[in-house]
Amino acid sequence: MTTQPHGAKADPIEVDWSWTASDDDWVPPEIDTSKPSTARMYDYALGGKDNYAIDRQAVDKIAELLPDLKPVALANRGFMIRAVEALSRMGIDQFLDLGSGIPTSPNVHEVAGVHRATTKVVYVDNDPIVMTYNRALREPRPGVLALNHDMRAPATIFEDPALRAHLDLERPIGLLLVAVLHFVQRETALEVVEQYRRLLPPGSYLAISAICSDGMEPALVQRLESVYQTSSSPLIVRTTAEAEQLFEGTRLIEPGLVDATQWRNNETPLPIRILSGVGQVL
Ligand SMILES: C[S@@+](CC[C@H](N)C(=O)[O-])C[C@H]1O[C@@H](n2cnc3c(N)ncnc32)[C@H](O)[C@@H]1O
């Protein structure tokens, strides 16, 4: 597991795969390889090894238009890391990471742990391969819990006795919805985010990143939508105005809603735009 501190100064991000490679006893779960999984496609884009031919073929179809997808995935991870760092510095010591993805170092508990060793993290995902890795690699760490839930069911997640025992629901939480809402239908996403806003303790924050069509080549948007149509979750590409709606009922912290490459960072936006922001729940 990597122990190096992470932050704006550490960019470009180095992904440390020894963290997953160290677990030799891992047994693959029942995995559906009849269609690409969004979690495994993302893992492949990041340069990971937890993916199958069907996932690689799907990503390679996108690569016909945009040969190098890794910088896009790293830009999104960069936003997540800087958001967790910023919230940790502001005193947040509990994170709920919805759509956590296959473990990728630095993970949320590693980033937050640099600031405060006692930080609690709950990872939630509904993909079996993610849950297997979460339980094997993330959960054994102090302060970490992994749960198998669909993030579209906020009440079920907040009623889970394991979550209630792990997090203090009287104190602020950093809710991470990083690169997951673009797998949720527009109306459902708005309803779900509103429910989270109501369930979160006062003083909590939402960190959201989602693919945005503004600034993207229409052919690339179409290719992304058509490739993900065959996957475990179709892709919903939002306009900036639609992404802004996700932050209703929150006060955006600096620098507002911007591309992942620009959030407390100064890199050139990439061909796939990922609007990113952190809002304090009002
Ligand atoms: C692109 S990955 C993002 C991983 C991580 N949040 C990041 O940004 O690096 C999207 C993850 O969301 C998960 N996911 C998609 N729909 C979900 C849902 N309805 N409930 C829970 N997880 C979901 C997928 O399984 C996948 O692991």
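Details of the structure are given in the entry above.
Conventions we followed
Residues numbered from 1 in each chain as written. Predicted model: local features only at pLDDT ≥ 70, side-chain atom pairs only at ≥ 80, totals over all residues. Heavy atoms only, no water. Helix = DSSP H or I, 4+ residues; strand = E, 2+ residues; numbered from the N terminus. Buried < 20%, exposed > 50% of the residue type's maximum accessible area, 1.4 Å probe, protein only. Contact = heavy atoms within 4.5 Å. Areas by Shrake-Rupley, 256 points an atom, 1.4 Å probe, with all protein chains shown as cover. 1 Å grid on protein atoms, 1.4 Å probe; cavity = no way out; pocket = protein on both sides within 12 Å on 5 of 7 lines; lining within 4 Å. Points joined across faces, edges and corners; volume = space filled by probe spheres on them. Near = heavy atom within 4 Å. Polar contact = N/O pair within 3.5 Å; in protein donor to acceptor, adjacent residues only side chain to side chain. Nonpolar A, V, L, I, M, F, W, Y, C, P; charged D, E, K, R; others polar. Core = buried A, V, L, I, M, F, W, Y, C linked by side-chain atoms within 4.5 Å. Pairing = 2+ DSSP bridges. Right-handed = clockwise from strand over helix to strand, strands pointing away. Phe/Tyr/Trp six-rings, centres within 6.5 Å; stacked < 30°, edge-to-face > 60°. Expected span 1.5 Å × (residues − 1).

**Student:** Before we move on, can you summarise the overall build of the protein chain with the specific residues and values?
**Tutor:** A tally of helices and strands in the protein chain yields 11 helices and 8 strands. A buried classification covers 54% of the 282 residues belonging to the protein chain. Pairs at least 24 apart in sequence give 73% of the contacts found in the protein chain among residues at least 6 apart. Accessible surface for the protein chain amounts to roughly 12,100 Å². Of this, 50% is attributable to carbon and sulfur atoms.

**Student:** Outline empty space enclosed by the protein, listing residues and values.
**Tutor:** What the rule picks out here adds up to 2 cavities of 30 Å³ or more. Here the second largest cavity is characterised by a volume of approximately 40 Å³. Surrounding the second largest cavity, Arg186, Leu190, Arg238, Glu242, Gln245 and Leu246 form its lining.

**Student:** Residue-level account of the site of the ligand, with values.
**Tutor:** In the vicinity of the ligand, 20 residues are found, and the nearest of them are Tyr42, Arg77, Gly99, Asp125 and Val178. In the model, an oxygen atom of the ligand is placed 2.7 Å from a nitrogen or oxygen of the Tyr42 side chain. Between an oxygen atom of the ligand and a side-chain N or O atom of Asn76, the distance comes to 2.8 Å. Protein chains bury 97% of the 600 Å² of accessible surface belonging to the ligand in isolation. Of all the secondary-structure elements, those providing two or more residues to the shell around the ligand are helix 2 (38–45) and helix 4 (70–89). Among the residues forming the shell around the ligand, the class breakdown is 8 nonpolar, 7 polar and 5 charged.

**Student:** A description of the nonpolar core should follow, citing residues and the corresponding values.
**Tutor:** With 47 residues, the main nonpolar core has Phe79, Phe95, Val108, Ile272 and Val278 as its most contacted residues. With 11 residues, the single largest contributor to this core is helix 4. Judged by nonpolar contacts, the second largest core, of 31 residues, contains Leu147, Val180, Val193 and Ala243.

**Student:** Please give an account of the side chain of Ser276 that cites residues and values.
**Tutor:** By secondary structure assignment, the location of Ser276 is in strand 8 (residues 273–281). The class for Ser276 is buried, based on a relative accessible area of 0%. In this structure the side chain of Ser276 is engaged in a polar contact, spanning 3.0 Å, whose partner is the backbone oxygen of Ile274. Setting aside anything within four residues of it in sequence, one finds Ser276 in contact with Phe79, Ile208, Ser209, Gly256, Leu257, Val258, Asp259, Ala260 and Trp263.

**Student:** Break down the pairing of strand 2 (residues 120–125) for me, citing the residues and quoting the values.
**Tutor:** Taking burial as the measure, the 6 residues of strand 2 include 5 buried ones, the bulk of the element. Across 5 bridges, strand 1 (residues 94–98) lies against strand 2 in parallel orientation. Within strand 2, the residue paired with Leu96 across the bridge is Val122. Read as a crossover between parallel neighbours, the route from strand 1 over helix 5 (residues 108–115) to strand 2 is right-handed. Here strand 2 runs beside strand 3 (residues 144–148); their pairing, made up of 5 bridges, is parallel. Bridging from a neighbouring strand, Tyr123 pairs with Ala146 of strand 3. A crossover links strand 2 with its parallel partner strand 3, the connecting element being helix 6 (residues 128–138), and its sense is right-handed.

**Student:** Go over the packing of aromatic side chains with me, naming the residues and quoting the values.
**Tutor:** For any pair of aromatic rings, geometry is given as the distance between the ring centres together with the angle between the planes. In total, this model carries 3 aromatic pairs according to the counting rule given. Taken together, a centroid distance of 6.2 Å and an interplanar angle of 55° make the contact between Phe158 and Tyr196 tilted. Taken together, the residues span a long stretch of sequence, with Phe158 in helix 7 (residues 154–159) and Tyr196 in helix 9 (residues 186–199) at a distance of 38 residues. You'll find Phe158 and Tyr196 in the same group, each marked buried.

**Student:** Tell me about helix 4, and name the residues and values.
**Tutor:** Here helix 4 is 20 residues long and its end C-alpha atoms lie 28 Å apart, about the 28 Å a rise of 1.5 Å per residue gives. Burial within helix 4 is extensive, with 17 of its 20 residues counted as buried. Gly91 sits one or two residues past helix 4 and shows a positive phi near 105°.

**Student:** Summarise the side chain of Ser105; cite the residues concerned and give the values.
**Tutor:** Topologically, Ser105 is positioned in the loop between strand 1 and helix 5. A polar atom in the side chain of Ser105 sits 3.0 Å from the side chain of Glu110.

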